[in-house]
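# Descriptive structure summary
What follows is each chain in one-letter form.
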Amino acid sequence: MKLEIVTTEETIFSDDVDIVIAPGAEGQLGILPRHASLLTALNSGDIVVRKDGQESVIKVDGGFLEVAGDHVRVLANSN
Amino acid sequence: MASVRQIARRIRSVENTAKITKAMSMIAASKLRRSQDAATQGRSYAENMAAIVSNVVFQVDDDESHQPLLESRLIKNTGIAIIAPDRGLTGGLNANILRSASDFIKSQNAPVKVVAVGKKSLDFAKRNNLEIIAEYTGISDRPSPNDTLPIAGDITEAFSNEIVDSFHIVYGQFVNTTLQRPVIEPLLPVIPSGTAANAVGYIFEPNAAEILGRLLPRYVETLVHHAVLEGNASEQSARMVAMNQATDNANEMVEDLTLLMNKLRQEKITTELLDIVGGVAALES
């Protein structure tokens, strides 16, 4: 599953990952591969990404998250 | 015929001009790298945003969620945001942007109102007696979202308040260092770029109408921000190339003038020598 996090200024994350946990507008949501297509607004908070047991945390200040096919795209607000 | 001293003075002056244009070209080159990075890196966000908006618009029923930014009305007034540099010395770039703006305005049946970004754009609007909705000058060389948010705000407001019924944006698109193309894009009402056939069917959280309500203003902001970034990169690269050219021309001129000066000096020496030789010959005989 490919995750891409972009802001208006740059791409801050782009890699294959195992799971994405994001602060959705309706609560935390975890996204695993083969998730149904989804579009949600994001609240401010941490996006937790796990890959091969390694965890990384990326802070976002709201934005949108899209799941389509095997792609997760986060349009993060940078300001 | 100019004297040797006049030409020497001329050479010095051209050399000074060459120094200035060289410096300007170098400054533009150093700014260009940053501007170019900003413009190309921002593209990914803008493209993703466009794809998502297009998908959502096809999925949402128009009547069920009334989105003011999607509404296409009868065009009684039309708006154009002209993004042009604050300063000149950019070769043909400014003229090209303003010419395509001018062509667009002529092609419209409805009266055109302007959001002017950049001093050259403002001058253009004033010169052509166009009604100005808002003006922005002195945007920094590294435009941040904070610089461009108010512009997008004014544009959406003019559209929502029915001051204008459609909005276009014109700016210099940065293709590469030697090529910048003026482009005109429709901004409002938002027209989806994709087709209904390959739109993705999403699950929405919280719901489609609310997402769209948040997404559309953000989309307009993104387009405007991106246009400003592209415009900035175009400006720097156009200036760099124009000033490089100017430096080359100045150097060439110095060479020509130096050649002319040496020829003149040689001629003067030759005539003087002939005079002396002639004088000596006259004395001896």
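Placed above this text is the structure.
This one's a predicted model, so the numbers in the text were calculated from it and none came from an experiment.

### Describing the overall build of chain A
A tally of helices and strands in chain A yields zero helices and seven strands. For chain A, whose C-alpha radius of gyration is 11 Å, the value lies close to the compact-globule estimate of 12 Å for 79 residues. On the principal axes, the C-alpha backbone points of chain A span a range of 30 × 25 × 20 Å. Considering chain A as a whole, with its 79 residues, one finds that 49% of them fall into the buried category. Across chain A, every contact between residues at least 6 apart in sequence was considered, and the portion connecting residues at least 24 apart equals 43%. In the structure as shown, chain A presents an accessible area of about 3500 Å², 44% of it carried by carbon and sulfur atoms. Distance between charge centres in chain A, computed from 6 positive and 13 negative side chains, equals 5 Å.

### Quick look at the packing of helix H1 (residues 4-59) of chain B against helix H5 (residues 208-284) of chain B
Residues and elements named next belong to chain B. For the pair H1 and H5, the least separation of the axes is 4 Å and the interaxial angle reads 160°. Overall, the two elements H1 and H5 adopt an arrangement that is roughly antiparallel. In this structure, H1 crosses over H5, and the sense of that crossing is left-handed. Here the contact of H1 with H5 is composed, by residue class, of 36 nonpolar, 14 polar and nine charged.

### Notes on the packing of aromatic side chains
All names here are of chain B. If you walk through the whole model with that rule in mind, you get one aromatic pair over all chains. Relative to Phe204, the ring of Tyr202 lies with its centre 5.9 Å away and its plane at 70°, an arrangement referred to as edge-to-face. Across this residue pair, the class does not change: Tyr202 and Phe204 are buried.

### A look at the interface of chain B and chain A
Chain B puts 25 residues into the contact, and the matching count from chain A is 26 residues. Regarding the contact of chain B and chain A, the summed buried area is about 2200 Å², with carbon and sulfur atoms giving 62% of it. Among the residues of chain B in contact with chain A, Tyr45(B), Glu205(B) and Arg218(B) are the three that bury the most area, contributing 27% of the side total. On inspection of chain B and its partner chain A, the count reaches zero salt bridges. Summed over the shared surface of chain B and chain A, the result is five residue pairs in polar contact (both at pLDDT 80 or more). Breaking the side of chain B that touches chain A down by element, the ones donating at least two residues are H1, helix H4 (145-160), strand E6 (203-205) and H5 of chain B. Partitioning the side of chain B that touches chain A into residue classes produces 14 nonpolar, eight polar and three charged. Where strand E5 (residues 38-51) of chain A meets E6(B), three bridges bridge the pair, whose relative direction is parallel.

### Here's the deal with the packing of H4(B) against H5(B)
All names here are of chain B. Direction vectors running N to C along H4 and H5 enclose 125°, while the axes themselves pass 9 Å from each other. Comparing the axis directions of H4 and H5 gives the class oblique. Judged by the twist between their axes, the crossing of H4 over H5 is right-handed. Side by side, H4 and H5 meet where Pro145, Thr148, Leu149, Ile151, Ala152, Ile155 and Thr156 of the first sit next to Val220, Glu221, Val224, His225 and Val228 of the second.

### Section: the sheet that holds strand E1 (residues 78-83) of chain B
Residue and element names in this part refer to chain B. Strand order in the open sheet made by the five strands is E3-E2-E1-E4-E5, with mixed pairing throughout. The open sheet is flanked by strand E3 (131-136) and strand E5 (179-188), the only strands paired with a single partner. Across the sheet, the axes of successive neighbouring strands diverge by a mean angle of 20°, strand direction being ignored. Both E1 and strand E4 (residues 167-176) contribute to a ladder of four bridges, which runs parallel. Note that in E4 the partner of Ile82 across the bridge is Val170.

### Examining the pairing of E3(B)
Pairing of strand E2 (residues 112-117) of chain B with E3(B) involves five bridges; the strand directions are parallel. Bridge pairing in E3(B) places Val114(B) opposite Ile132(B).

### Let's talk about the pattern of salt bridges
Residue and element names in this part refer to chain B. Inspection of every chain in the model, using the stated rule, returns 13 salt bridges over all chains. Salt-bridge contacts for Asp141 lead to Lys31; the nearest nitrogen and oxygen are separated by 2.8 Å. On the criterion of sequence distance, the pair formed by Asp141 in the loop between E3 and H4 and Lys31 in helix H1 is long-range, its members being 110 residues apart. Judged by relative accessible area, which is 23%, Asp141 ranks as partly exposed. Residue Lys31 is classed as partly exposed on the basis of its relative accessible area, which comes to 22%. Between Arg73 and Glu162 there is a salt bridge, with its nearest N and O atoms 3.9 Å apart. Within this pair, whereas Arg73 is found in the loop between H1 and E1, its partner Glu162 is found in the loop between H4 and E4, the two being separated by 89 residues in sequence. Given the relative accessible area of 16%, Arg73 is considered buried.

### Focus: the nonpolar core
Val56(B), Ile155(B), Phe167(B) and Leu215(B) are the most contacted members of the largest nonpolar core, which has 47 residues in total. Looking at this core element by element, the count peaks at eleven residues for H5(B). Not counting the four nearest positions on each side in its chain, Leu215(B) is found in contact with Leu39(A), Phe64(A), Met49(B), Ile52(B), Val53(B) and Val56(B). Residues Ile5(A), Val17(A), Ala22(A) and Val72(A) belong to the second largest nonpolar core, which totals 20 residues.

### Considerations on the side chain of Ser237(B)
Relative to the elements of secondary structure, Ser237(B) occurs in helix H5. Excluding anything up to four places from it in sequence, Ser237(B) contacts Leu32(B), Phe174(B), Asn176(B), Thr177(B) and Gln180(B).

Definitions and limits used
Every residue gets a number counted from 1 within its own chain, in the order that chain's sequence is written. Each chain takes a letter, starting from A, and each ligand takes a number, starting from 1, following the order in which they are written. For this predicted model, a pLDDT threshold of at least 70 governs which residues receive local features, and a threshold of 80 or more governs which side-chain atom pairs are given and counted, while totals over whole chains, interfaces and linings are taken from all residues. The side-chain quantities take in all heavy atoms of the structure and omit both hydrogens and water. Under the scheme used here, helices are H or I runs from DSSP no shorter than 4 residues and strands are E runs no shorter than 2 residues, and both carry numbers assigned from the N terminus. Taken over C-alpha atoms, the radius of gyration is set against a globule rule of 2.2 Å times the number of residues to the power 0.38. Throughout, exposure labels follow a simple rule: accessible area from a 1.4 Å probe, protein chains only, divided by the maximum for the residue type, with under 20% read as buried, over 50% as exposed, and the rest as partly exposed. Contacts are assigned to residue pairs that have any heavy atoms within 4.5 Å of one another. Working definition of accessibility: Shrake-Rupley area with a 1.4 Å probe, residue cover restricted to the visible protein chains. Charge counting treats Lys and Arg as positive and Asp and Glu as negative, with His and both chain ends excluded. One atom stands in for each charge, and that atom is NZ of Lys, CZ of Arg, CG of Asp or CD of Glu. Interaxial angle, 0 to 180 degrees, is taken between N-to-C directions of lines fitted to C-alpha atoms, where a helix line uses only the stretch in contact. The scheme is simple: roughly parallel for angles under 35 degrees, roughly antiparallel for over 145, roughly perpendicular for 65 to 115, oblique for anything else. For a crossing to be left-handed, the near helix must be turned anticlockwise from the far one by less than a right angle; the clockwise case is right-handed. Residue polarity is assigned by list, with Asp, Glu, Lys and Arg as charged and Ala, Val, Leu, Ile, Met, Phe, Trp, Tyr, Cys and Pro as nonpolar; anything else, Gly included, falls into the polar class. Here is the rule: rings of Phe, Tyr and Trp (six-membered ring for Trp) pair when centre to centre is within 6.5 Å. Planes less than 30 degrees apart are stacked, more than 60 are edge-to-face, and the remainder are tilted. Values labelled buried area give the accessible surface lost by two parts on being combined, using a 1.4 Å probe and summing over both. Counted as salt bridges are all cases of a side-chain nitrogen of Lys or Arg within 4 Å of a carboxyl oxygen of Asp or Glu. Counted as a polar contact is a pair of N or O atoms within 3.5 Å, where, for protein atoms, one must be capable of donating a hydrogen and the other of accepting one, and residues adjacent in sequence contribute only when both atoms are in side chains. DSSP calls a pair of strands paired once it identifies at least 2 bridges connecting them. We define a nonpolar core as any set of buried Ala, Val, Leu, Ile, Met, Phe, Trp, Tyr and Cys residues linked to one another through side-chain atoms lying within 4.5 Å.

Worth remembering: the numbers are spatial, not functional.
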